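If you want the building blocks of each chain, they are given just below.
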Amino acid sequence: MGKPDQPRGPDGKWEPRGGGVVVVGVALVLSASGIGGGTGVGGSAVDAVGSANVSTARVAQSKQSARKGRADDAWRGLNLRRVRKAAEPALNCAVNSYGQVRDFFLRNPCKALDRTLFTLADPDGNTFVVSVSWVRMRQRSDVRRLKDLIDVDGTGSVTQLGAAALTTRGVRFTGTPFRSRPHGDLLVVAEGAVVSGSPDPEFFSVVVDVAAELPG
């Protein structure tokens, strides 16, 4: 799991393994999201989670939409606009992870890995990215062991899609907000990072919780 005080590799740096296509995609994400220039979303706030004023009923509806794979409906339910989306499948989890989590994958190879990066904007002009990784394991018992490991501070994580390009632009995943969700032979790992502005922390955590409900 990414954390504020956690190094991203032995030398304290990120260990991204994504290909060139991903970097280009993330560069477009950053450009479209307004790094170097503000971006806003029209509409008024709704009513009750943190200063973002989103009702718990709308949060519940967004989680329902996410569980059905309707990500855009989920974001709209939270009064968010999707600026960009980048996605990439992979087969090797070890080369797309770091820390003790990578060591775990070396001993227990995954069956498949899918990663998506959403860039979202709220009505106040705050922009942030939400990384979602779907890790499918060969054994269901490995899912619980992986969750127990990845949820502990300082143990590493799955490398977020396009992490290198994001870091060069000052966008870092600090581990807050973060959520992992097991489901059968699948572990969903969701994490957020601020691109610009100052999104409400409670609301940002809710957004990541909703993202973790996506089925992949």
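A few points on the structure.

Scoring rules and cut-offs
Residues numbered from 1 in each chain as written. Predicted model: local features only at pLDDT ≥ 70, side-chain atom pairs only at ≥ 80, totals over all residues. Heavy atoms only, no water. Helix = DSSP H or I, 4+ residues; strand = E, 2+ residues; numbered from the N terminus. Buried < 20%, exposed > 50% of the residue type's maximum accessible area, 1.4 Å probe, protein only. Contact = heavy atoms within 4.5 Å. Areas by Shrake-Rupley, 256 points an atom, 1.4 Å probe, with all protein chains shown as cover. Pairing = 2+ DSSP bridges. Axes fitted to C-alpha atoms, helices over the stretch in contact; angles between N-to-C directions. Core = buried A, V, L, I, M, F, W, Y, C linked by side-chain atoms within 4.5 Å. Salt bridge = Lys/Arg side-chain N within 4 Å of Asp/Glu carboxyl O.

1. Examining the overall build of the chain
Then step 1. Summing up its helical and strand segments, the chain has 7 helices and 7 strands in all.
Then step 2. In the chain, the succession of helices and strands from N to C terminus is α-α-α-β-β-α-β-β-α-β-α-β-β-α.
Then step 3. Within the span of the chain, comprising 216 residues, buried residues form 53% of the whole.
Then step 4. Contacts in the chain between residues far apart in sequence, at least 24 positions, make up 73% of those at least 6 positions apart.
Then step 5. Summed over its atoms, the accessible surface of the chain is roughly 9,300 Å², and 49% of this surface lies on carbon and sulfur atoms.

2. What about the sheet that holds strand β6 (residues 178–183)?
Then step 1. One open sheet accounts for 5 strands, arranged β1-β3-β4-β7-β6; its pairing is antiparallel. The open sheet has two edge strands with one neighbour each: β1 (81–90) and β6. The mean inter-strand angle of the sheet, taken between neighbouring strand axes irrespective of direction, is 15°.

3. Quick notes on the nonpolar core
Within soluble globular proteins, side chains that are nonpolar generally end up buried alongside one another.
Then step 1. If you look at the biggest cluster of nonpolar residues, it comprises 26 residues, and the most contacted ones within it are Trp75, Leu78, Leu80, Leu120, Val130, Val132 and Val207.
Then step 2. Counting residues per element, this core draws most heavily on helix α7 (residues 201–211), at 7 residues.
Then step 3. If we ignore the near neighbours within four places in the chain, the residues touching Leu78 are Val54, Val59, Ser62, Phe203, Val206, Val207 and Val210.

4. Let's talk about unusual backbone geometry
Then step 1. The omega angle of the peptide bond from Thr176 to Pro177 is 5°, so this bond is cis rather than trans.
Then step 2. Checked against the element boundaries, Pro177 lands in the loop between α6 (163–168) and β6.
Then step 3. We note that Asn79 has phi near 65°; this positive angle belongs to a residue other than glycine.
Then step 4. Residue position: Asn79 is located in the loop between α3 (71–77) and β1.
Then step 5. Using a relative accessible area of 17% as the deciding quantity, one classes Asn79 as buried.

5. Regarding α7
Then step 1. For α7, the set of buried residues is Phe203, Phe204, Val206, Val207, Val208, Val210 and Ala211.
Then step 2. On its buried face, α7 is in contact with α2 (56–67), α3, β3 (110–121), β4 (127–137), β6 and β7 (186–196).

6. Here we look at the pattern of salt bridges
Then step 1. Following the criterion strictly, the structure yields 12 salt bridges and no others.
Then step 2. The salt bridge involving Lys111 is made with Asp185; its shortest N-O contact spans 3.6 Å. You can see Lys111 sitting in strand β3 and its partner Asp185 sitting in the loop between β6 and β7, a full 74 residues away along the chain.
Then step 3. Residue Asp148 pairs with Arg144 through a salt bridge whose shortest N-O separation is 3.8 Å. Residue Asp148 and its partner Arg144 are both found in helix α5 (residues 140–150); the two are separated by 4 residues, about one turn of the helix.
Then step 4. If you follow the salt bridges from partner to partner, you end up with Arg67, Arg179, Arg181 and Glu213 in one network.

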